[in-house]
Amino acid sequence: MPSRNNTLAGIAMMLLGILLFSLNDVLGKWLVATYTVGQLLLLRSAAALVVLAPFAIRQGARSFLRPERPGLQVLRVVLGSTESALFYLAVIYLPLADTMTIWMAAPVWAVALAALVLGERVDLSRWLAAVVGFIGVAIALDPSSATLSMPALVALVGSVLFACMMIAGRKLRGTPDVVLVGWQTFGTLLIGLGLLPFGWVTPTLTDTALLGLLGIVALVAHLCVTRSLKLAEASVVVPYQYTLIVWALLFGWLVFNDWPKPAMLLGAALIVAAGLALLILERRAGNTTSDTAKERVTIEQN
């Protein structure tokens, strides 16, 4: 079991990582008002790859050229790169808090995908939590002919793709973090290159620095979250990821003068409740499995 100091450090790293992700999202929404999605993806990824290069060299070329399950690696890269593009496309038109609320439904989608795609057994309590999450998404989207817009549907598709990427990540636990992040960043760079013909705005020197900072902040945020999960149990630190919605509300109000409608706040509350319920159920299942294993060992020893 992690020590108390490691647990506190893990919580601090998770909180810092989520704050950095929030700042990255604010910066991205600010820049995408002037520059194209392709530019953001390209320059963001290029800056991140420069920072990541020393870690990649230390890891060795073999890990990158011969990763486990290459087909699934490629699928994960495609899912993650497309999801990033859809996020920046969505925040052009939607308030930051609205977009992040829809994205935070990814763990709920993951429950359904785990049952339908991976054939995992999902008990009734998990399905009930997922249903609450689905209701939260429906309320947040406010699906009437006047309010259900194309940007909202783009955000919804993006959150589903993010959940698919999470499912793929479950199957790639043996891949080093730097390899996963490296391939993901390179794939996003290629998506950015592919989107460049659809528009280019020559950035100022200051904005070029901000576009590079966008990638570096995201990379550091990923490293913080990864380190957090190594310092403390996932069931302890993962709930702190929901502070992302708090930061999105705060920064959306301060920077963009956006404040979500009551329906979005109610939907966000249900999504967070469903996500926390799923985490609690996962932790209980893990404890039950651990106790069963201990009993089995004790029986075998006797």
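Residues numbered from 1 in each chain as written. Predicted model: local features only at pLDDT ≥ 70, side-chain atom pairs only at ≥ 80, totals over all residues. Heavy atoms only, no water.

1. Considerations on the nonpolar core
And then number 1: The biggest cluster of nonpolar side chains holds 59 residues, and the ones touching the most others in it are Leu-40, Phe-87, Tyr-88, Leu-96 and Met-100.
And then number 2: The leading source of residues in this core is helix α1 (residues 4-32), at nine residues.
And then number 3: Core analysis: the second largest hydrophobic core is formed by seven residues, Val-111, Val-122, Ala-129 and Leu-278 among them. (Core = buried A, V, L, I, M, F, W, Y, C linked by side-chain atoms within 4.5 Å. Buried < 20%, exposed > 50% of the residue type's maximum accessible area, 1.4 Å probe, protein only. Helix = DSSP H or I, 4+ residues; strand = E, 2+ residues; numbered from the N terminus.)

2. Comments concerning the packing of α1 against helix α2 (residues 37-59)
And then number 1: α2 packs onto α1 with a crossing angle of 135° between their chain directions and a minimal axis gap of 10 Å. It follows from the interaxial angle that α1 and α2 lie oblique. Where α1 crosses over α2, the handedness of that crossing is right-handed. Two secondary-structure elements touch here, α1 through Asn-24, Gly-28, Leu-31 and Val-32 and α2 through Val-37, Leu-40 and Arg-44.
And then number 2: Across the contact of α1 with α2, the residue classes tally to four nonpolar, two polar and one charged. (Axes fitted to C-alpha atoms, helices over the stretch in contact; angles between N-to-C directions. Parallel < 35°, antiparallel > 145°, perpendicular 65-115°, else oblique. Left-handed = near helix turned anticlockwise from the far one by under 90°. Contact = heavy atoms within 4.5 Å. Nonpolar A, V, L, I, M, F, W, Y, C, P; charged D, E, K, R; others polar.)

3. Digging into a nonpolar patch on the surface
And then number 1: A grouping of Trp-30, Leu-250, Trp-253, Leu-254, Val-255, Trp-259 and Leu-265 is seen on the molecular surface, where their side chains present a nonpolar patch of about 740 Å² in accessible area.
And then number 2: At four residues, helix α12 (residues 243-256) tops the list of elements feeding residues into the nonpolar patch. (Patch = residues over 30% accessible without salt bridge, like charges linked within 9 Å, V, L, I, M, F, W, Y side chains within 5 Å. Areas by Shrake-Rupley, 256 points an atom, 1.4 Å probe, with all protein chains shown as cover. Salt bridge = Lys/Arg side-chain N within 4 Å of Asp/Glu carboxyl O.)

4. As for the environment of Arg-121
And then number 1: Relative to the helices and strands, Arg-121 is located in the loop between α6 (106-116) and α7 (124-141).
And then number 2: Residue classification places Arg-121 among the exposed positions, given a relative accessible area of 77%.
And then number 3: In this structure the C-alpha to C-alpha distance between Arg-121 and Val-111, which are 10 residues apart in sequence, comes to 9.8 Å.

5. Brief notes about the packing of aromatic side chains
And then number 1: Here the structure, examined in full by the defined rule, presents five aromatic pairs.
And then number 2: Judged by centre distance (6.5 Å) and plane angle (45°), the rings of Trp-30 and Phe-256 are tilted. Within this pair, whereas Trp-30 is found in helix α1, its partner Phe-256 is found in helix α12, the two being separated by 226 residues in sequence.
And then number 3: With centroids separated by 6.2 Å and ring planes inclined at 80°, the aromatic side chains of Trp-183 and Phe-186 adopt a geometry described as edge-to-face. Taken as a pair, Trp-183 and Phe-186 lie in helix α9 (residues 177-195) at a separation of three residues, close to a single helical turn.
And then number 4: Among the aromatic residues, those joined into a cluster by ring pairs are Phe-87, Tyr-88 and Trp-103.
And then number 5: We note Lys-29 situated over the ring of Phe-256; from NZ or CZ to the ring centre the distance is 5.3 Å. (Phe/Tyr/Trp six-rings, centres within 6.5 Å; stacked < 30°, edge-to-face > 60°. Lys NZ or Arg CZ within 6 Å of the ring centre and 35° of its normal.)

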